[in-house]
Amino acid sequence: MAAVIVDTADQESVRAAIESLRVGKSPRLHWREEPTLRHPIIARAISGMPLESLVTVHIFSRGLPYERARRLCLERLLHELDQARIRSAIIESRSARLDHLDLLLVLGIRKARILSDGIRVDWRLPGEEPLLWAADVVAGATTWWLDGQPAGFDILAHRIRLVCLD
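Thresholds applied
- The residue count restarts for each chain, going from 1 along the sequence in the order it is written.
- Side-chain atom pairs in this predicted model are given and counted only at pLDDT of 80 or more, local residue features only at pLDDT of at least 70, and totals for whole chains, interfaces and linings cover all residues.
- To obtain the side-chain values, all non-hydrogen atoms of the structure were used and water was disregarded.
- By convention a nonpolar core is built from buried Ala, Val, Leu, Ile, Met, Phe, Trp, Tyr and Cys residues, the set being connected through side-chain atoms within 4.5 Å.
- Working definition: with a 1.4 Å probe on protein chains only, accessible area under 20% of the residue-type maximum means buried, over 50% means exposed, and in between means partly exposed.
- Labels follow the DSSP assignment, with helices taken as runs of H or I lasting at least four residues and strands as runs of E lasting at least two, numbered in each case from the N terminus.
- The contact criterion used is simple: two residues touch if any of their non-hydrogen atoms lie within 4.5 Å.
- Centres within 6.5 Å make a pair out of two Phe, Tyr or Trp rings, where for Trp the six-membered ring is used; the pair is then stacked when the planes are under 30 degrees apart, edge-to-face when over 60, and tilted otherwise.
- Any Lys or Arg side-chain nitrogen found within 4 Å of a carboxyl oxygen on Asp or Glu counts as a salt bridge.
- Under this scheme, a helix contributes an axis fitted over its contacting stretch, all axes are lines through C-alpha atoms, and angles between N-to-C directions fall in the 0 to 180 degree range.
- With respect to orientation, any angle under 35 degrees is reported as roughly parallel, any angle over 145 as roughly antiparallel, any angle of 65 to 115 as roughly perpendicular, and every other angle as oblique.
- Here a crossing is taken to be left-handed if its near helix is turned anticlockwise relative to the far helix by less than a right angle, and right-handed if that turn runs clockwise.
- Residue classes follow a fixed rule: Ala, Val, Leu, Ile, Met, Phe, Trp, Tyr, Cys and Pro count as nonpolar, while Asp, Glu, Lys and Arg count as charged, and any other residue, Gly among them, counts as polar.

1. Considerations on the nonpolar core
Nonpolar side chains tend to gather and get buried jointly when the protein is soluble and globular. Among the nonpolar cores identified, the biggest contains 27 residues, and V4, I18 and I46 are the most heavily contacted of them. When contributions to this core are tallied by element, the ones reaching two or more residues are β1 (2-5), α1 (11-19), α2 (39-47), β2 (52-58), α5 (130-146) and α6 (151-156). Per-element accounting of this core gives the leading share, eight residues, to α5. Beyond its immediate chain neighbours, meaning those up to four positions away, V4 contacts L51, E52, S53, L131, A134, A135 and V138. Core analysis: the next-biggest nonpolar cluster, separate from the first, contains 17 residues, L74, I91, I109 and L115 among them.

2. Here's the deal with unusual backbone geometry
Despite not being glycine, R85 has its phi angle at roughly 65 degrees, a positive value. Residue placement: R85 occurs in the loop between α3 (66-83) and β3 (88-92). Here R85 falls in the exposed class, since its relative accessible area comes to 66%. The backbone of R113 sits at a positive phi, close to 65 degrees, despite the residue not being glycine. By the secondary structure assignment, R113 is in the loop between α4 (96-111) and β4 (120-124). Judged by relative accessible area, R113 falls into the exposed class, the value being 77%.

3. So, the packing of aromatic side chains
Applying the stated criterion across every chain yields a total of two aromatic pairs. Plain terms: the ring middles of W31 and W144 are 5.9 Å apart, the flat faces sit at 80 degrees to each other, and that makes the pair edge-to-face. Here W31, found in the loop between α1 and α2, pairs with W144, found in helix α5; they are 113 residues apart in sequence, far enough to count as distant. Residue W31 is classed as buried on the basis of its relative accessible area, which comes to 2%. Taking 4.1 Å as the distance between ring centres and 10 degrees as the angle between the ring planes, the aromatic pair formed by W145 and F153 counts as stacked. Take W145: its relative accessible area is 31%, and that puts it in the partly exposed class.

4. Brief notes about the pattern of salt bridges
On inspection of all chains with the given rule, the structure shows 14 salt bridges. Notably, a salt bridge pairs R94 with E67, separated by 2.7 Å at the nearest N-O pair. You can see R94 sitting in the loop between β3 and α4 and its partner E67 sitting in helix α3, a full 27 residues away along the chain. Salt-bridge contacts for R76 lead to E80; the nearest nitrogen and oxygen are separated by 2.7 Å. Placement of both R76 and E80 in helix α3 is noted, with a separation of four residues, approximately one turn of the helix. A single salt-bridge network, built from bridges that share partners, covers E12, R15, R124 and E129.

5. Brief notes about the environment of V4
If you trace the backbone, V4 turns up in strand β1. Considering only alpha carbons, one finds V4 and Y66, 62 residues apart in sequence, at a separation of 22 Å.

6. Notes on the packing of α3 against α4
Viewed as axis vectors pointing N to C, α3 and α4 meet at an angle of 50 degrees, and their least axial separation amounts to 11 Å. Judged by the angle between their axes, α3 and α4 are oblique. Crossing of α3 over α4 shows right-handed handedness. Across the interface between the two elements, E67, R70, R71, L74, E75 and L78 from α3 touch L98, D102, L105, V106 and I109 from α4. For the contact of α3 with α4, the class distribution of residues is six nonpolar, no polar and five charged.

Below, the structure is given as structure tokens:
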């Protein structure tokens, strides 16, 4: 799971720069849907933007359900953002049911004092927030790197802080 961290003053210019990376009528930028030849172009563009990124990775066994691994990554990601005094996080909306499960996780980690009340968490559809596209690029490049395809990650590595979970 990945987050991009952008100073409030830079958000509009970063959004515009990310939107400019779309080709044709594509409603958004998505790493897996882009031709592999465009990956280095996209990675170089994002690596030059005023942003940092945080990626949480859980290398899980087949016995651990995907949603459980995702929740572990989300919990750690939100905790790390909170510790860095990030005051707002936007999570990509997946569906009303899955967003509700994410909300229950947020409420639970707040109650357990893993997450403070100082960070606001919202959900947005991917088509509504270009900053989510940048997080998708970072997550995609990291996943491909883990699968032995390092080109995108190598370009973005100086902008990524990677946290591996047990």
